[in-house]
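Tertiary structure, described
Chain by chain, the residues:
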Amino acid sequence: MSFTRSLASAWARTDSLLCVGLDPEPKRFPAHFAGRDNAILEFCRAIVDATAPFVSSFKPQIAYFASNRAEAQLEQLIEHIHEHHAGIPVILDAKRGDIGSTAEQYAREAFERYRADAVTVNPYMGFDSVEPYLEHEGKGVIVLCRTSNPGGSDLQFLETGGRPLYQHVADLAANKWNASGELSLVVGATFPAEIKEVRSIVGDMPLLIPGIGAQGGDVVATVSAGRTANGTGMMINSSRAILYAGNGEDFAERAADAARATRDSINSARATAAAR
């Protein structure tokens, strides 16, 4: 099943738009993980198993694994998700962006080595840096558009033909680049007005929306701005607020509680938006 079809199926099956980001920081793990060779895998696997009933996607951030020499643990983690939580898409958050020949290798890394269902990419170098990912049939390509960090405005709000650059990227993605039908966009929850603008440009294209939880994005404003006509269309990501909801032996249970509460908050906002 393609990424977009798998995602739509997960939205319907789980009644959740929540994406849990997997950004493991060993210094923040509960004390009983100290000294374990596979601590990152064990921590993330426990989080995945505990939160899976409440999510429609997982998003491991590759830098947190690579900086700890844990790429093999990342491979095992994604394999575990596919095997034990089949149907929940895995987004490799890599934000790759390079020339075509190098992009081909990054695409192989994401889709052949790690077996991710989708990958985040940076469009700054243009379509030829995005195209190699689209050649992997059924795989999702999630293009940075309006990011949640404050510095994103340095470039993303530059005027291009009478509109901000991020809107130009959204237009390109929706109307010129999306031949495979597997493109999505990253738009931060910290900018609900921009989410609304992007939604008006791209129609029902899925949006990966980071920024709720620790970054302070407003769930109600996010859902109101980003939902499609059927109340879906979003992968609303929370990472640290769920991963580190507890720091004791019951860390996974506390993560599950946080994931459940976040899902319920999103669904409440969906119901309110639908009633308007």
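A few points on the structure. In every chain, residue numbers begin from 1 and rise along the written sequence. Local features in this predicted model are restricted to residues of pLDDT 70 or higher, and side-chain atom pairs are both shown and tallied only at a pLDDT of 80 or more, whereas totals for entire chains, interfaces and linings draw on every residue. Hydrogen atoms and water are omitted, and side-chain values are computed over all heavy atoms in the structure.

With that settled, the discussion passes to the layout of surface pockets. Put plainly, a pocket is an open set of points on a 1 Å grid over the protein atoms alone with protein on both sides within 12 Å along at least five of seven lines, a cavity is a set where a 1.4 Å probe fits but cannot get out, and a lining residue has an atom within 4 Å of a point. Grid points are joined across faces, edges and corners, and a volume is the space filled by probe spheres set on the points. In this structure, the largest pocket encloses a volume near 780 Å³. What lines the largest pocket is a set of 40 residues, and nearest its centre among them are Lys-95, Leu-144, Thr-147, Asn-149 and Gln-156. Mapped by element, the contributors of at least two residues to the lining of the largest pocket are strand 3 (91-96), strand 5 (140-146), helix 7 (153-156), helix 8 (165-177), strand 10 (234-238) and helix 11 (240-243). For helices the rule is a DSSP run of H or I covering at least 4 residues; for strands it is a run of E covering at least 2, with both sets numbered from the N terminus onward. The leading source of residues in the lining of the largest pocket is helix 8, at six residues. Any residue outside Ala, Val, Leu, Ile, Met, Phe, Trp, Tyr, Cys, Pro, Asp, Glu, Lys and Arg is labelled polar, Gly included; the first ten of those are nonpolar and the last four are charged. Taken together, the residues of the lining of the largest pocket break down into 17 nonpolar, 17 polar and six charged. A volume near 150 Å³ is recorded for the second largest pocket.

Quick look at the pattern of salt bridges now. A pair is scored as a salt bridge if a Lys or Arg side-chain nitrogen falls within 4 Å of a carboxyl oxygen belonging to Asp or Glu. Counting across every chain of the model gives 14 salt bridges. For Glu-112, the salt bridge identified is with Arg-108, shortest N-O distance 3.3 Å. With Glu-112 and Arg-108 both in helix 5 (residues 100-113) and four residues apart, the pair spans about one turn of that helix. Burial classes follow relative accessibility: with a 1.4 Å probe on protein chains only, a residue under 20% of its type's maximum area counts as buried, one over 50% as exposed, and anything between as partly exposed. Judged by relative accessible area, which is 45%, Arg-108 ranks as partly exposed. Between Asp-264 and Arg-263 there is a salt bridge, with the nearest N and O atoms lying 2.8 Å from each other. Assessed through its relative accessible area of 36%, Asp-264 is described here as partly exposed.

When helix 9 (residues 192-202) is considered as a whole, its buried residues turn out to be Glu-194, Ile-195, Val-198, Arg-199 and Val-202. All buried residues of helix 9 lie within an arc of 140° about the axis, which places them on one face of the element. Facing away from the buried side of helix 9, by more than 90 degrees, are the exposed residues Ala-193, Lys-196 and Ser-200. We call two residues contacting when some pair of their heavy atoms lies within 4.5 Å. Against strand 5, helix 8, strand 8 (183-187), strand 9 (207-209), helix 10 (219-226) and strand 10 lie the buried residues of helix 9. One or two positions beyond helix 9, positive phi appears at Gly-203, with a value near 65°. Note that the arc is defined by the directions from the helix axis to the C-beta atoms.

Quick look at the nonpolar core now. Side-chain atoms within 4.5 Å are what join buried Ala, Val, Leu, Ile, Met, Phe, Trp, Tyr and Cys residues into a set we call a nonpolar core. Counting residues in each nonpolar core, the largest one holds 86 residues, and the members touching the most others are Leu-22, Phe-43, Phe-58, Leu-92, Leu-185, Val-198 and Met-235. Element by element, the count of residues in this core is highest for helix 12 (residues 251-275), at eight residues. In contact with Phe-43, other than residues within four places in its own chain, are Phe-29, Pro-30, Phe-33, Leu-243, Tyr-244 and Phe-251.

Here we come to a nonpolar patch on the surface. What makes a patch is a set of residues exposed beyond 30% relative accessible area and free of salt bridges, joined within 9 Å when like-charged and within 5 Å when nonpolar (Val, Leu, Ile, Met, Phe, Trp, Tyr). Using a 1.4 Å probe, the Shrake-Rupley method yields the accessible areas, and only the shown protein chains count as cover for residues. On the surface, Ile-99, Tyr-124, Met-125, Leu-155 and Leu-158 cluster together into a nonpolar patch covering about 520 Å² of accessible area. With respect to the secondary-structure elements, Leu-155 resides in helix 7. Classification of Leu-155 as partly exposed rests on a relative accessible area of 44%.

The next point concerns a negative patch on the surface. Taken together, the side chains of Glu-104, Asp-128, Glu-131 and Glu-135 define an acidic patch exposed on the protein surface. Its location among the elements puts Glu-135 in the loop between helix 6 (131-134) and strand 5. For Glu-135, a relative accessible area of 57% translates into the label exposed. Charged residues are defined here as Lys and Arg on the positive side and Asp and Glu on the negative side; His and the ends of the chain fall outside this count. Just so you know, the charge point we use is NZ for Lys, CZ for Arg, CG for Asp and CD for Glu.

Here we come to helix 2 (residues 39-51). Relative to the 18 Å expected for 13 residues at 1.5 Å per residue, helix 2 spans 18 Å between its end C-alpha atoms, a close match to the ideal helical length. Along helix 2, the residues that are buried comprise Ala-39, Ile-40, Leu-41, Phe-43, Cys-44, Ile-47, Val-48 and Thr-51. The inward-facing, buried residues of helix 2 contact strand 1 (18-22), strand 2 (57-60), helix 3 (62-66), helix 4 (71-84), helix 11 and helix 12. A helix is expected to reach a length of 1.5 Å times the quantity of its residues less one.

Next up on the list: the side chain of Thr-147. Turning to its location among the elements, Thr-147 is positioned in the loop between strand 5 and helix 7. For the purposes of these results, a polar contact is taken to be a pair of N or O atoms within 3.5 Å, where, inside protein, one atom must be able to donate a hydrogen and its partner to accept one; residues adjacent in sequence count only when each atom of the pair is a side-chain atom. Here Asn-149 takes part through its side chain, which lies 2.6 Å from a polar atom of the side chain of Thr-147. There is a polar contact of 2.9 Å between the side chain of Thr-147 and the side chain of Gln-156. Residues contacting Thr-147, with those up to four places away along its chain left out, are Gly-152, Gln-156, Gly-188 and Phe-191.

Structural elements are reduced to axes, namely lines fitted to C-alpha atoms, with helices fitted over the stretch in contact, and the angle between N-to-C directions of any two is expressed from 0 to 180 degrees. One way to put it is that helix 2 packs onto helix 4 with a least axis distance of 9 Å and a crossing angle of 20°. Classed by the angle they form, the pair helix 2 and helix 4 counts as roughly parallel. Taken as a pair, helix 2 and helix 4 cross one another with a handedness that is right-handed. Residues Ala-39, Ile-40, Leu-41, Cys-44, Arg-45, Val-48 and Asp-49 of helix 2 touch helix 4, and the partners they reach there are Gln-73, Gln-76, Leu-77, His-80 and Ile-81. Residue classes in the contact of helix 2 with helix 4 are distributed as seven nonpolar, three polar and two charged. Working definition: roughly parallel below 35 degrees, roughly antiparallel above 145 degrees, roughly perpendicular at 65 to 115 degrees, and oblique for all remaining angles. Two helices that cross are described as forming a left-handed crossing if the nearer one is turned anticlockwise from the farther one by less than a right angle, and a right-handed crossing if clockwise.

Any functional reading would require information beyond the geometric quantities listed.
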